[in-house]
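Next come the chains, spelled out residue by residue.
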Amino acid sequence: MTNALTAAAAGFGTGLSLIVAIGAQNAFVLRQGIRRDAVLAVVGICALSDAALIALGVGGVGAVVVAWPGALTAIGWIGGAFLLAYGALAARRVFRPAGALRTDGDAAGSRRRAVLTCLALTWLNPHVYLDTVFLLGSVAADRGDLRWTFGVGAALASLCWFAALGFGARYLGRFLARPAAWRVLDALVAATMIVLGITLIAGA
């Protein structure tokens, strides 16, 4: 039970670290939340899409490891390198912030438009595949039999983040409008990614 909780907590922390970043998807969810426009649909699409991609990563990378045990070493080195690079980029943003999360722009206009826009921002973004399928899949593969527990934790992190961003927009909007807030978040992301990257490489 303790090992399962540890794996789930690790998945939650890793997933949250990859999701929390200034980007078009987060800006869109926050903007929809501030306007109270199709919030449930948008949050649902983001969370369910991430869960599907995480499952694909955990299952796909896990299947490769089962078929070729030596792949775990290669995945550990490659995944660790990517995580270290992500951590370095986040650390760079701490000292050279990109600015606050922008929530201005045209209104969504309709539920259909909001849904289509959300789908496009989610599934047409190449970084989402790197984050959820490869990176999370790589870290999950290192957990062995507990990789699916790790995946559940990561999917739960996605749900919590997007729900907080969408339904808590009235309160988070003021906080995330400050560049200093993102510097704090980026510092936490950088620390998490670097630690995970070192752990992956050390265990490869």
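Because the structure is a prediction, the values reported are computed rather than measured. (Residues numbered from 1 in each chain as written. Predicted model: local features only at pLDDT ≥ 70, side-chain atom pairs only at ≥ 80, totals over all residues. Heavy atoms only, no water.)

Student: Let's hear about the overall build of the protein: which residues, and what values?
Tutor: Helices and strands together make up the secondary structure of the protein, namely nine helices and zero strands. Helices and strands in the protein line up, N terminus first, as α-α-α-α-α-α-α-α-α. Burial analysis of the protein (204 residues in total) assigns 42% to the buried set. In the protein, once contacts between residues fewer than 6 apart in sequence are set aside, the share between residues at least 24 apart is 88%. Approximately 10,200 Å² of the protein is accessible, and the part contributed by carbon and sulfur atoms is 69%. (Helix = DSSP H or I, 4+ residues; strand = E, 2+ residues; numbered from the N terminus. Buried < 20%, exposed > 50% of the residue type's maximum accessible area, 1.4 Å probe, protein only. Contact = heavy atoms within 4.5 Å. Areas by Shrake-Rupley, 256 points an atom, 1.4 Å probe, with all protein chains shown as cover.)

Student: Please provide a residue-by-residue account of the packing of helix α1 (residues 2-19) against helix α7 (residues 147-167), values included.
Tutor: Contact geometry for α1 and α7: axes closest at 6 Å, N-to-C directions at 45 degrees. On the basis of the axis angle, α1 is oblique to α7. Remark: the crossing between α1 and α7 carries right-handed chirality. Between α1 and α7, the contacting residues are Ala-4, Ala-7, Ala-8, Ala-10, Gly-11, Phe-12, Thr-14, Gly-15, Leu-16 and Ile-19 on the first element and Thr-149, Phe-150, Gly-153, Ala-154, Leu-156, Ala-157, Ser-158, Cys-160, Trp-161 and Phe-162 on the second. A class-by-class count of the residues in the contact of α1 with α7 yields 14 nonpolar, six polar and no charged. (Axes fitted to C-alpha atoms, helices over the stretch in contact; angles between N-to-C directions. Parallel < 35°, antiparallel > 145°, perpendicular 65-115°, else oblique. Left-handed = near helix turned anticlockwise from the far one by under 90°. Nonpolar A, V, L, I, M, F, W, Y, C, P; charged D, E, K, R; others polar.)

Student: Any details on the environment of Ala-47? Residues and values, ideally.
Tutor: Considering the arrangement of structural elements, one finds Ala-47 in helix α3 (residues 39-67). For Ala-47, a relative accessible area of 9% corresponds to the buried category. When the C-alpha atoms of Ala-47 and Ala-155 are compared, they prove to be 7.3 Å apart, with 108 residues separating the residues in sequence. Leaving out residues up to four positions away in the same chain, Ala-47 has contacts with Ser-158, Leu-159 and Phe-162.

Student: So what's going on with α7? Residues and values would help.
Tutor: The first and last C-alpha atoms of α7 sit 30 Å apart over 21 residues, in line with the 30 Å expected at 1.5 Å per residue. Of all the residues in α7, the buried ones are Arg-147, Phe-150, Gly-151, Gly-153, Ala-154, Ala-155, Ala-157, Ser-158, Trp-161, Phe-162, Leu-165 and Gly-166. (Expected span 1.5 Å × (residues − 1).)

Student: Could you give an account of the nonpolar core, with specific residues and numbers?
Tutor: Counting 19 residues, the largest nonpolar core has Val-29, Val-42, Cys-46, Cys-118, Trp-161 and Phe-162 as the members making the most contacts within it. Contributions of two or more residues to this core are made by α2 (24-35), α3, α5 (111-123), α7 and α9 (179-203). Ranked by residue count, the leading element in this core is α3, at five residues. Contact partners of Val-29, with chain neighbours within four places excluded, come to Val-42, Cys-46, Phe-162, Leu-165 and Gly-166. In terms of nonpolar packing, the next biggest core, distinct from the first, is built from 18 residues, Ala-154, Ala-155, Val-189 and Leu-200 among them. (Core = buried A, V, L, I, M, F, W, Y, C linked by side-chain atoms within 4.5 Å.)

Student: Describe α1, listing the residues and the values that go with them.
Tutor: With 18 residues, α1 should reach 26 Å at 1.5 Å per residue; the first-to-last C-alpha distance of 26 Å fits that figure. Residues Ala-7, Ala-10, Gly-11, Thr-14, Gly-15, Ser-17, Leu-18 and Ile-19 constitute the buried set of α1.

Student: An account of unusual backbone geometry is requested, with residue identities and associated values reported.
Tutor: Not every positive phi belongs to a glycine, and Ala-38 is a case in point at roughly 50 degrees. Mapped onto the fold, Ala-38 is located in the loop between α2 and α3.

Student: Tell me about the state of the cysteines, and please be specific about residues and values.
Tutor: Within this structure, the stated rule accounts for zero disulfides. Here Cys-118 stays unpaired: no disulfide links it, and the sulfur of Cys-46, its closest cysteine neighbor, is 3.5 Å away. (Disulfide = S-S within 2.5 Å.)

Student: Can you break down the confidence of the model for the protein residue by residue, with the values?
Tutor: The predicted structure's coordinates, where accompanied by low pLDDT, should not be read in detail. On average, residues of the protein score 80 in pLDDT, and 84% of them reach the 70 mark or higher. Of all secondary-structure elements in the protein, the lowest mean pLDDT belongs to helix α8 (residues 169-176), at 72, while α7 reaches the highest, 93. (pLDDT = per-residue confidence, 0-100.)

Student: Quick rundown of the environment of Ala-190? Include the residues and the values.
Tutor: Relative to the helices and strands, Ala-190 is located in helix α9. Filtering out sequence-adjacent residues up to four positions away, Ala-190 remains in contact with Gly-87, Ala-90 and Ala-91.

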